[in-house]
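Letter by letter, the chains look like this.
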Amino acid sequence: MKVSLRQAEKQLYALVAAVEQGGERVVLTRSGRPVATLLPVAALDALDLLGRLLPDVAEVAARFPPLDPEAPGLGPAPGDETHGDTTSDGPAENRAPEVSVPSPPPGSGPTEPEASP
């Protein structure tokens with residue numbers, strides 16, 4: 001919810017109650033532009049944690065070269081319709097090798113219940 005500073009001044013207790021009890025986020029505006037936000041303490045704690053984790057993620061990511069979207073094997077993400085046909089597995093050299101998995105010996109695995117007539 002957006003509230004002007006003038007309105008917030010008059011309704012501060014009600015706004016704090018909405019934030020505290022309902023988890024509401026209140027954006028305070030001056031001349032229609034956002035200048036501050038009231039948010040639940042749990043949300044602030046989550047933001048603090050995220051802020052502490054992000055430098056670690058950036059440090060780890062910096063250890064790896066950036067991905068080249070044109071590199072073989074780096075096709076579109078599933079459901080990504082912006083890169084053409086997503087139903088094909090692409091060229092054979094880009095596919096994972098097929099692996100043959102032997103069946104377990106009879107009686108060694110779970111059995112399916114017999115269907116009732």
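Residues numbered from 1 in each chain as written. Predicted model: local features only at pLDDT ≥ 70, side-chain atom pairs only at ≥ 80, totals over all residues. Heavy atoms only, no water.

Caption draft 1: Inspection of the pairing of strand E2 (residues 26-30) at higher detail. Across the five residues of E2, four count as buried, placing the element largely inside the fold. Pairing of strand E1 (residues 2-4) with E2 involves three bridges; the strand directions are parallel. Considered in E2, the bridge of Lys-2 is made with Val-27. Sheet topology note: the E2/strand E3 (residues 33-38) ladder contains five bridges and is antiparallel. Each residue of the ladder has a partner; that of Val-27, found in E3, is Thr-37. The antiparallel pairing of E2 with E3 creates a hairpin that spans two residues between the two strands, and Ser-31 there sits at a positive phi of about 55 degrees. (Buried < 20%, exposed > 50% of the residue type's maximum accessible area, 1.4 Å probe, protein only. Helix = DSSP H or I, 4+ residues; strand = E, 2+ residues; numbered from the N terminus. Pairing = 2+ DSSP bridges.)

Caption draft 2: View of the nonpolar core. In terms of nonpolar packing, the biggest core is built from six residues, these being Val-3, Ala-8, Leu-15, Val-19, Val-26 and Leu-28. Breaking this core down by element, the ones donating at least two residues are helix H1 (5-22) and E2. Sort the elements by how many residues they give to this core and H1 lands first, with three residues. Look past the residues within four positions of Val-3 in its chain and what remains in contact with it is Ala-8, Gln-11, Leu-15, Val-26, Val-27, Leu-28 and Thr-29. (Core = buried A, V, L, I, M, F, W, Y, C linked by side-chain atoms within 4.5 Å. Contact = heavy atoms within 4.5 Å.)

Caption draft 3: Looking closely at the confidence of the model for the protein. With 56% of its residues at a pLDDT of 70 or more, the protein has an overall mean of 74. Model confidence for the protein, summarised as mean pLDDT per element, is weakest for helix H2 (residues 41-62) at 79 and strongest for E1 at 94. A low-confidence stretch, residues 83-87 stays under pLDDT 50, and its non-local contacts, those more than four residues away or across chains, total three contacts. (pLDDT = per-residue confidence, 0-100.)

Caption draft 4: Structural detail: H1. Taking 1.5 Å per residue, 18 residues should reach 26 Å; H1 reaches only 21 Å between its end C-alpha atoms and comes up short. Where H1 bends most, at Gln-11, the angle is about 85 degrees. Within H1 the residues assigned to the buried category are Ala-8, Leu-15 and Val-19. Those residues of H1 that are buried lie in contact with E1, E2 and E3. Residue Gly-23 follows H1 closely and has a positive phi angle near 70 degrees. (Expected span 1.5 Å × (residues − 1). Bend = angle between axes of the 7 residues up to and from the residue.)

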